[in-house]
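Summary of the model geometry
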Amino acid sequence: MALDAFFFIVSLFLLFPSPSVSDSTTQFCSAGTEYGVGSCGVSSTRILIKGGTVVNAHHQELADVYVEDGIIVAVQPNIKVGDEVTVLDATGKFVMPGGIDPHTHLAMEFMGTETIDDFFSGQAAALAGGTTMHIDFVIPVNGNLVAGFEAYENKSRESCMDYGFHMAITKWDEGVFRDMEILVKEKGINSFKFFLAYKGSLMVTDDLLLEGLKRCKSIGALAMVHAENGDAVFEGQKRMIELGITGPEGHALSRPPVLEGEATARAIRLARFVNTPLYVVHVMSVDAMDEIAKARKSGQKVIGEPVVSGLILDDHWLWDPDFTIASKYVMSPPIRPVGHGKALQDALSTGILQLVGTDHCTFNSTQKALGLDDFRKIPNGVNGLEERMHLIWDTMVGSGQISATDYVRITSTECARIFNIYPRKGAILAGSDADIIILNPNSSYEISSKSHHSRSDTNVYEGRRGKGKVEVTIAGGRIVWENEELKVVPGSGKYIEMPPFSYLFDGIEKSDANYLSSLRAPVKRVRTEAT
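Residues numbered from 1 in each chain as written. Predicted model: local features only at pLDDT ≥ 70, side-chain atom pairs only at ≥ 80, totals over all residues. Heavy atoms only, no water.

As a reminder of what qualifies: UniProt positions are given in the numbering used here, feature names are shortened, and annotations may be inferred rather than shown by experiment.
With an unreviewed UniProt entry as reference, the chain is termed dihydropyrimidinase, source organism Arabidopsis arenosa. The Subunit (unreviewed entry) comment attached to the chain in UniProt states, word for word, "Homotetramer." Check the Sequence similarities (unreviewed entry) section of the UniProt entry for the chain; it says "Belongs to the metallo-dependent hydrolases superfamily. Hydantoinase/dihydropyrimidinase family."

In structure tokens, the structure reads:
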């Protein structure tokens, strides 16, 4: 068993080499009986977490965790260390993988403005809330994917935590077809997003979606969809304006759940036709969730991602008489009426939905006021990067809906698996990156725009209180959040390349072969001469 573990760790380093580790002697210290002493020399990034309950997606145990040079070296009881090791007491607390947020929009140009959180402020907020990696969406420049990637490389230079990229597809031509493969093979992108909404800007048509699905399948990339019927939403917006409904409530009324359900069903059926996996982002309604449940029950590979706002909030805020309050809740798809959120929680707890994102896309009150007289001009987006881990723990674990191991799965591990970076990320295992949180289940929190770390002057979770607080965040082997103090360095974050052909592609070739063998075609027919 020990030999198997050794080969697992060695293979992990071969797959995911760490830039901070130069040779095998610094990877594995075996000289002496104590970690942190012997031939490895002095390290400035040695941490021992003692006495906590270590939680992974499928197992939890009382153990210590020893970290050196940004990598988890050991997970076992009663680890002994030498001098110059920072010791953190986690007695009575949970030691877990840092959160991975699969859905963010930092420094995004959208609806005539740009999100208020850039890669530094958004990531700093994330670290204060226990998220240690996120995956952001690159928007092409005039449809050009490579130009979009280069633009986001520049945007992310001040990053203070690890991050990856999805790529949006907004048009189709030979250049897009070619560049998708370049991004997968050379730039570490393994997912492409198709907007079925935002007519006239980001929206794609069904023929483009079909081309994109086929291309994703051939290069091992995961197709993602924003599922709302953009044509019908456009009609709904016109209807509201004709009725004189110009405030934030018009946003929700113009794009009801049925339009999310229709687009979700359409995308699922087209993905089934192509036989490629599909990821549905920000599932906000029972209508969309039901379509995902049916597809998964039939054996189709569909991933459903709810976001915190859809799980926690309801749409009554959009009817608030104060525009500043109402407008901060405008996002797409909209936050839904009472009942949808609880149904999504149930789906998450039973495995119908697989992981939780945020769709963190923040605009301040001045930016939201661009739509003061027309809800169609209100920049769409809410916060969540800093709040996600706390709210999901309190709402889902605190209420008994899920276990601590489930929590790790939906906030970290499943994201790492889907985007093919597990077990480098999403695990407390020897050889994994040292992205770790210490969560105190008995500690309380209160959310406020006055104390959060986002640059926004509003917070959609304002005043919410709960139990279960991230007291320590370790990112890349560095303690970046402790004692309510944030210690982050611009430029210290790393871009994480994500390989293609995740586990979701397992069995695709076989099912294609089974399909071809079932056709009983073409039929050989005898041609007869006309008499």
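Further notes follow.
**Quick notes on the overall build of the chain**
Put simply, the test is: Secondary structure elements follow DSSP: runs of H or I no shorter than four residues count as helices, runs of E no shorter than two count as strands, and numbering proceeds from the N terminus. Whether two residues are in contact is decided by their heavy atoms, any of which lying within 4.5 Å being enough. Exposure was quantified through the Shrake-Rupley algorithm and a 1.4 Å probe, taking into account, for residues, occlusion by the shown protein chains and nothing else. Charged-residue counts in this description rest on Lys and Arg as positive and Asp and Glu as negative, His and the chain ends being excluded. Charge positions come from single atoms, namely NZ of Lys, CZ of Arg, CG of Asp or CD of Glu.
For the chain, the count of helices and strands is 17 helices and 18 strands. With the principal axes as the frame, the chain shows a C-alpha extent of 90 × 75 × 45 Å. Counted over contacts in the chain with a minimum sequence separation of 6, partners at least 24 positions apart contribute 76%. Working note: accessible area of the chain is about 21,800 Å², and carbon and sulfur atoms make up 52% of it. Looking at the chain, you have 50 positive and 66 negative side-chain charges, and the mean spots of the two groups are 6 Å apart.

**Quick notes on the state of the cysteines**
Going by this rule: Here, two cysteine sulfur atoms that lie within 2.5 Å of each other are counted as a disulfide. Only protein chains enter the area calculation, which uses a 1.4 Å probe; residues under 20% of their type maximum are buried, those over 50% are exposed, and those in between are partly exposed.
Tallying each qualifying case throughout the model produces 0 disulfides. Note on Cys216: no disulfide assigned, nearest cysteine sulfur contributed by Cys415 at a separation of 17 Å. With relative accessibility at 0%, the residue Cys216 sits in the buried group. Look at Cys415 and you get buried, because its relative accessible area is 2%.

**Some details on the pairing of strand S11 (residues 191-195)**
Note the cut-off: Looking down the strands as they point away from you, a crossover is right-handed if its path from the first strand over the helix to the second goes clockwise. At least two bridges found by DSSP between two strands are what make those strands a pair.
For S11, the buried fraction is high: 5 of the 5 residues fall into the buried class. Judged by which residues are buried, S11 turns out to be covered on both faces: Ser191, Lys193 and Phe195 on one side and Phe192 and Phe194 on the other are all buried. Since strand S10 (residues 162-169) and S11 lie parallel, the crossover through helix H5 (residues 174-187) that links them has a hand, and here it is right-handed. Pairing between S11 and strand S12 (residues 222-226): 5 bridges, direction parallel. Bridge pairing in S12 links Lys193 to Met224. A crossover connection joins S11 to the parallel S12 through helix H6 (residues 206-219); in handedness this β-α-β unit is right-handed.

**With respect to the nonpolar core**
Let me state the cut-off plainly: The criterion is simple. A nonpolar core is a set of buried Ala, Val, Leu, Ile, Met, Phe, Trp, Tyr and Cys residues joined through side-chain atoms within 4.5 Å.
Core analysis: the largest hydrophobic core is formed by 106 residues, its most contacted members being Met96, Phe192, Phe194, Leu278 and Tyr407. Look past the residues within four positions of Leu278 in its chain and what remains in contact with it is Leu213, Leu222, Ala223, Val225, Ala267, Ile268, Ala271, Lys301, Val302 and Ile303. Counting residues in hydrophobic clusters, the runner-up holds 18 residues, among them Leu222, Met224, Tyr279 and Cys415.

**Considerations on the pattern of salt bridges**
Oppositely charged side chains can pair when the atoms bearing their charge come close. This is how it is decided: Counted as salt bridges are all cases of a side-chain nitrogen of Lys or Arg within 4 Å of a carboxyl oxygen of Asp or Glu.
In the structure shown here, the tally under the stated rule is 30 salt bridges. Beyond isolated ion pairs, a larger network of salt bridges with shared partners links Asp162, Arg424, Lys425, Asp433, Asp435 and Lys494.

**Focus: the sheet that holds S12**
Note the threshold: Angular values range over 0 to 180 degrees, each being the angle between N-to-C directions of two axes fitted as lines to C-alpha atoms, with helices fitted over their stretch in contact.
Strand order across the open sheet formed by 7 strands is S6-S9-S10-S11-S12-S13-S14, with parallel pairing between neighbours. Looking along the sheet, the strands with just one partner apiece sit at the ends: strand S6 (99-104) and strand S14 (302-304). Geometrically, the sheet is characterised by an average inter-axis angle of 25° between neighbouring strands, direction not taken into account. In this structure, strand S9 (residues 131-138) lies alongside S10, joined through 6 bridges in parallel fashion. Bridge assignment links Phe137 to a residue of S10, and that residue is His166.

**Some remarks on the UniProt feature "modified residue: N6-carboxylysine" (unreviewed entry) in the chain**
The feature "modified residue: N6-carboxylysine" (unreviewed entry), as annotated in UniProt, sits at Lys193 in this numbering. Along the chain, Lys193 turns up in strand S11. On the accessibility criterion, Lys193 (1% relative accessible area) is buried. Lys193 has contacts with His103, His105, Phe137, Met167, Ala168, Ile169, Met224, His226 and Val281, leaving out every residue within four places of it along the chain.

**What to know about the pairing of strand S17 (residues 478-482)**
Looking at chain direction, strand S16 (residues 465-475) and S17 are connected through 4 bridges and run antiparallel. Directly across from Ile474, in S17, lies its bridge partner Ile479. Here S16 hands over to S17 after 2 residues, with Gly476 in that stretch at a positive phi of 60°. As paired elements, S17 and strand S18 (residues 485-486) share 2 bridges and run antiparallel to each other. Its bridge partner being in S18, Glu482 is matched across the sheet by Glu485. Between S17 and S18, which follow one another and run antiparallel, lie 2 residues, and Asn483 among them has a positive phi close to 55°.

**Quick notes on the packing of aromatic side chains**
Definition in use: Stacked, edge-to-face and tilted are the three classes for Phe, Tyr and Trp ring pairs, Trp counted by its six-membered ring, which pair at centre distances within 6.5 Å; planes under 30 degrees apart are stacked, over 60 edge-to-face, the rest tilted. Ring-over charges, as used throughout, are those where CZ of Arg or NZ of Lys falls within 6 Å of the ring centre and within 35 degrees of the ring normal.
Tallied over the entire structure, the rule returns 17 aromatic pairs. Plain terms: the ring middles of Phe119 and Tyr152 are 6.4 Å apart, the flat faces sit at 85° to each other, and that makes the pair edge-to-face. With Phe119 in helix H3 (residues 119-128) and Tyr152 in helix H4 (residues 145-155), this pair connects stretches of sequence that are 33 residues apart. Tyr152 shares its class with Phe119; the two are buried. With 5.0 Å between their ring centres and 90° between their planes, Trp393 and Tyr407 make a pair best called edge-to-face. With Trp393 in helix H15 (residues 388-397) and Tyr407 in helix H16 (residues 404-418), the pair connects residues that are 14 residues apart, well separated along the chain. The residues Trp393 and Tyr407 share a single accessibility class, namely buried. Looking at Lys193, its charged tip hangs above the ring of Phe137, at a distance of 4.2 Å from the centre.

**What about the environment of Thr86?**
By the secondary structure assignment, Thr86 is in strand S4 (residues 86-89). Separated by 19 residues in the primary sequence, Thr86 and Val67 place their C-alpha atoms 9.7 Å from one another. Excluding residues that lie within four positions of it along the chain, Thr86 makes contacts with Arg46, Ile47, Leu48 and Ile479.

**What to know about the confidence of the model for the chain**
Applied cut-off: Residue-level confidence of the predictor, termed pLDDT, takes values from 0 up to 100.
Of the residues in the chain, 91% reach a pLDDT of 70 or more, and the chain-wide mean stands at 92. Across residues 1-44, confidence stays below pLDDT 50; counting only partners more than four residues off in sequence or on other chains, it has 58 contacts.

**A word on H4**
In plain terms, the rule: Think of it as the arc spanned by the lines of direction from the helix axis to the C-beta atoms. In the analysis that follows, any N or O atom pair within 3.5 Å is treated as a polar contact, provided that within protein one partner can donate a hydrogen and the other can accept it, and provided that, for residues neighboring in sequence, both atoms belong to side chains.
Buried within H4 are the following residues: Leu145, Gly148, Phe149 and Tyr152. Each buried residue of H4 sits inside an arc of 100° when the element is viewed along its axis, so together they form one side. For H4, the secondary structure elements touched by its buried residues are H3, S9, S10, H5 and S11. You can read the cap of H4 off the contacts: a side-chain oxygen lies 3.1 Å from the backbone nitrogen of Val146, and it is on Asn144.

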